[in-house]
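Here is how the chains run, residue by residue.
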Amino acid sequence: MRTGISHRSAWFSQTFWRSRAQAGASCPAQMVGDFVLQNGCLRMRVCARSRAAGDEFMNQIIDTIEKEQQKSDAKAFSVGDSVRVHTRVVEGDKERIQIFAGVVIGRKGRGLNETFTVRRISYGEGVERVFPLHSPRIAKVEVEKQGRSRRARLNYLRTRKGKEATAVRE
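Report on the accompanying structure. (Residues numbered from 1 in each chain as written. Predicted model: local features only at pLDDT ≥ 70, side-chain atom pairs only at ≥ 80, totals over all residues. Heavy atoms only, no water.)

Details of the packing of aromatic side chains
Under the convention used in this document: The pairing test for Phe, Tyr and Trp rings, Trp by its six-membered ring, is centres within 6.5 Å, and the orientation test on the planes gives stacked under 30 degrees, edge-to-face over 60, and tilted for anything in between. Secondary structure elements follow DSSP: runs of H or I no shorter than four residues count as helices, runs of E no shorter than two count as strands, and numbering proceeds from the N terminus. Three exposure classes are used, based on accessible area relative to the maximum for each residue type with a 1.4 Å probe and protein chains only: buried under 20%, partly exposed in between, and exposed over 50%. Criterion for a charge above a ring: Lys NZ or Arg CZ within 6 Å of the ring centre, and within 35 degrees of the ring normal.
Summed over the entire model, instances satisfying the criterion amount to three aromatic pairs. Ring geometry for Phe77 versus Phe116: centroids 4.9 Å apart, planes at 70°, classification edge-to-face. Residue Phe77 is found in the loop between helix H2 (51-69) and strand S3 (82-91), and its partner Phe116 is found in strand S5 (residues 115-122); the two are separated by 39 residues along the sequence. Across the pair, Phe116 and Phe77 agree in class, each one buried. Members of the aromatic cluster, each reached through a chain of ring pairs, are Phe77, Phe100, Phe116 and Phe131. Over the face of the ring belonging to Phe77 we find Arg107, whose NZ or CZ atom lies 4.5 Å from the ring centre. In this arrangement the basic side chain of Arg129 is found over the ring face of Phe100, its NZ or CZ atom lying 5.9 Å from the centre.

Structural data, given as structure tokens:
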């Protein structure tokens, strides 16, 4: 039974030091080694005995991989703005752009997992759709009109009827 580190960190530690021993390198007492990610973005030292260092190490690797997949051209918009979200829709072998226009009523998450909710009134019925911000299915987000909101989530718009359901303080 291994204590203090996860089984993945233990496996990494064992294989790392086994390969170092075969190469003729000496193993220090506290078992500290360098690990280089394949793309060369991340260099850090890993202590195989401490769980906190192993967790921090995995978090930094995950953050590096997520940073590569994030969109750099994501437009800045906030809650209360009227936006037009251009989404890519695949039908058979053809791809087209579909536009969903409405008011941003909330943003949630951080990093690659960040999402935003857009609400619109369609034929007298309220429709909400949640979009991942960094999804490859989103072509672009256009801000039609900026709204002034003093809240992080505009759930009160759900109870409003008619034109006032789309009116955010202007």
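We are not done yet, so read on.
Here's the deal with the nonpolar core
Rules: Among buried residues, those of type Ala, Val, Leu, Ile, Met, Phe, Trp, Tyr and Cys that are joined through side-chain atoms within 4.5 Å constitute a nonpolar core. Whether two residues are in contact is decided by their heavy atoms, any of which lying within 4.5 Å being enough.
In this structure, Phe77, Val83, Val85, Phe100, Val104, Phe116, Val118, Phe131, Leu133, Ile138 and Val141 together form the largest nonpolar core, which totals eleven residues. Secondary structure elements with two or more residues in this core: S3, strand S4 (94-108), S5 and strand S7 (138-145). What Phe77 contacts, discounting residues up to four positions off in sequence, is Val83, Val104, Arg107, Phe116, Leu133, Val141 and Val143. With six residues, the next largest nonpolar core counts Val79, Val103, Leu154 and Leu157 among its residues.

Side note on the pattern of salt bridges
Counted only if it meets this: Salt bridges are identified by distance alone: a Lys or Arg side-chain nitrogen within 4 Å of an Asp or Glu carboxyl oxygen.
Under the criterion given, the structure shown has eight salt bridges. Arg107 is the partner of Glu114 in a salt bridge, and the nearest nitrogen-oxygen pair spans 2.8 Å. By relative accessible area, Glu114 is classed as buried at 17%. A salt bridge links Arg119 to Glu128; its shortest N-O distance comes to 3.0 Å. Relative accessible area serves as the criterion here: at 12%, Arg119 is assigned to the buried category. Note on Glu128: relative accessible area 32%, which makes it partly exposed.

Everything listed is a geometric property; what it means functionally is a separate question.
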